[in-house]
Amino acid sequence: MADTTPVLPKDFLWGFATASYQIEGAPTADGRGPSIWDTFCARPGKIADGSSGAVACDSYNRTSEDIALLKLTGAKAYRFSISWSRIIPLGGRNDPINPAGIAFYKKFVDDLLAEGIIPFVTLFHWDLPDELDKRYGGPLNKEEFCADFGHYARTLFEAIPKVKHWITFNEPWCSAILGYNTGLFAPGHTSDRSKSEVGDSSTECWIVGHSLLLAHGTAVKIYREEFKEKAGGEIGITLNGDAVYPWDPEDPLDVEAAERKLEFSISWFADPVYFGHYPESMVKQLGARLPTFTPEEAALVKGSNDFYGMNHYTANYIKHKTTTPDPFDFLGNLETLFISKSGACIGPETQSFWLRPNPQGFRDLLNWLSKRYNHPKIYCTENGTSLKGENDLPLEKILEDDFRVEYFRGYIDALGKAVAEDGVNVRAYLAWSLMDNFEWAEGYETRFGVTFVDYEGGQKRFPKKSAKSVGPMFEALIKKE
Ligand code: PNW
């Protein structure tokens, strides 16, 4: 039984999240330039069902339907991302700005605010303008990338001052590791020559991570120096991170490996943002392959979060490895498992190979973050689940998504306890996702929405049971005064 004493502050914000390439479609409308995801999807074998975001949820043409959906859920906030190549089709600081792209997002923000929904805007949710990848390798070139990202960010700070919650990057871990180590995501670089002609998995991901941190710092500096005072908003980065439990809690090496896993995934970015340097465990394992911060770079990145953006989905058991680290390793020389030494299972299967619900993990990770980073204000900017086999069910069964409802119940209950009993400072929660959408390399088969999108039937939206269940869970937890 969930505890329903109101424990969250009155101004706690809850709602739903999406990302531009996953929902918008309309890839050539009103002057949009191609992004690396358009080109990646065109490469055979990269997307499970051979699909792309070319139509997706057609949200570019259905903003009023999406706002109506948000209204139906009762959401107080909506997190969406801006497509860089709609704003600057070629991406660069000397390339033309596209007024139609700016007008689209400006109107969307106005329309949201008119309905009392607070926008959380992500500047970069993986859809880099393709031209910047071709021109100089995107984030492989830190000087060019930072200058171009800074210019893009400034363009938006200036154009849409009504936005008060800016997120620079969504999950830089995914951009760096999935984009430049495993090659699972655009631009698909990897050392595995059966998958890609280009890439060096031992170095590129660490270079890219460094550039993303500096680009984040660049945008934050611009916001703080030129806009913050007048606009009164805030800015931060969103990091993904799974909870960890030692495979054998009796084995100090597994306990150590579990901590190392958090450092390789979360602290890789969060330590520089809060402390100005990389975690020691990464320096030790990666040596010269991990870039170093010049004093100027460290100063730019240190202290650059007004809030900690937390994306969280799952947990793993962690088992240490005894062999010397592989040059392509990005986990911290360890294994991630679903079953512990004693045979405990971390959680039930979902449609996503990497995701198994474990709400206690959310509470534990909130505590870990709060402690390590000195009690930051935390916004949970994504949390949600797919359902095993959901796509194969008839519509009336899909709409009865009790598994997803229970997922949210467990995680929201854990959030409430982290705030009320552990004193963690969580101030917002955005569920992933408002609607089923293009799930990257998984295509459309994996659904994360609280709304079913009928891709065969003209992108019509059908709210699932979960769409109306998140609101009451929060309303029961939020103090009325
Ligand atoms: C996040 N993994 O991505 C993204 O921010 C969303 O765009 C995405 O749709 C959502 O989670 C659900 O997948 C992730 O393989 C993608 O561990 C993959 C992983 C983690 C997060």
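The coordinates are above.
Notes on the structure in this doc start here. Not measured: the values here are computed from a predicted model.

A closer look at the packing of helix H8 (residues 172-180) against helix H11 (residues 252-275)
So, step 1. Their axes nearest at 10 Å, the elements H8 and H11 cross at an angle of 120°. On the basis of the axis angle, H8 is oblique to H11. Crossing of H8 against H11: the hand is right-handed. Two secondary-structure elements touch here, H8 through Pro172, Trp173, Ala176 and Ile177 and H11 through Phe264, Ser265, Trp268 and Phe269.
So, step 2. Residues belonging to the contact of H8 with H11 are distributed by class as follows: seven nonpolar, one polar and no charged.

Examining helix H17 (residues 470-477)
So, step 1. Considered for burial, the residues of H17 that qualify are Val470, Gly471, Met473, Phe474 and Leu477. Buried residues of H17, viewed axially, fall in a sector of 165°; they line one side.
So, step 2. Of the surrounding elements, those touching the buried residues of H17 are strand E1 (13-17), helix H3 (63-73), helix H16 (402-420) and strand E11 (426-432).

Regarding the pattern of salt bridges
So, step 1. What the rule picks out here adds up to 41 salt bridges.
So, step 2. The partner of Glu115 in a salt bridge is Lys71, with the nearest N and O atoms 3.3 Å apart. Of the two residues, Glu115 is situated in the loop between helix H5 (99-114) and strand E3 (118-124) and Lys71 in helix H3; the sequence distance between them amounts to 44 residues.
So, step 3. Exposure remark for Lys71: the relative accessible area of 44% places this residue in the partly exposed category.
So, step 4. A salt bridge links Lys377 to Glu234; the shortest N-O distance between them is 2.9 Å. Note that Lys377 is positioned in the loop between helix H14 (359-372) and strand E10 (378-382) and Glu234 in strand E5 (residues 234-240), a separation of 143 residues in sequence.
So, step 5. The class for Lys377 is partly exposed, based on a relative accessible area of 26%.
So, step 6. Looking at Glu234, the relative accessible area reads 11%, which means it is buried.
So, step 7. One connected set of salt bridges, linked through shared partners, spans Glu390, Asp401, Arg404, Asp436, Arg447 and Lys464.

Comments concerning the sheet that holds strand E8 (residues 315-320)
So, step 1. What the three strands build is an open sheet, ordered E6-E8-E9; its pairing is mixed. The sheet terminates laterally at strand E6 (243-246) and strand E9 (334-337), the two strands that pair on one side only. Here the strands of the sheet are splayed against their neighbours by 40° on average, with no regard to which way each runs.
So, step 2. Sheet topology places E8 next to E9; four bridges connect them, and they run antiparallel. Bridged to Ile318 within E9 is Thr336.
So, step 3. Along the sheet, H11 makes contact with E6, E8 and E9, crossing E8 at roughly 125°.

Criteria and cut-off values
- Residues numbered from 1 in each chain as written.
- Predicted model: local features only at pLDDT ≥ 70, side-chain atom pairs only at ≥ 80, totals over all residues.
- Heavy atoms only, no water.
- Axes fitted to C-alpha atoms, helices over the stretch in contact; angles between N-to-C directions.
- Helix = DSSP H or I, 4+ residues; strand = E, 2+ residues; numbered from the N terminus.
- Parallel < 35°, antiparallel > 145°, perpendicular 65-115°, else oblique.
- Left-handed = near helix turned anticlockwise from the far one by under 90°.
- Contact = heavy atoms within 4.5 Å.
- Nonpolar A, V, L, I, M, F, W, Y, C, P; charged D, E, K, R; others polar.
- Buried < 20%, exposed > 50% of the residue type's maximum accessible area, 1.4 Å probe, protein only.
- Arc of directions from axis to C-beta.
- Salt bridge = Lys/Arg side-chain N within 4 Å of Asp/Glu carboxyl O.
- Pairing = 2+ DSSP bridges.

Function cannot be inferred from these measures alone, as they are strictly geometric.
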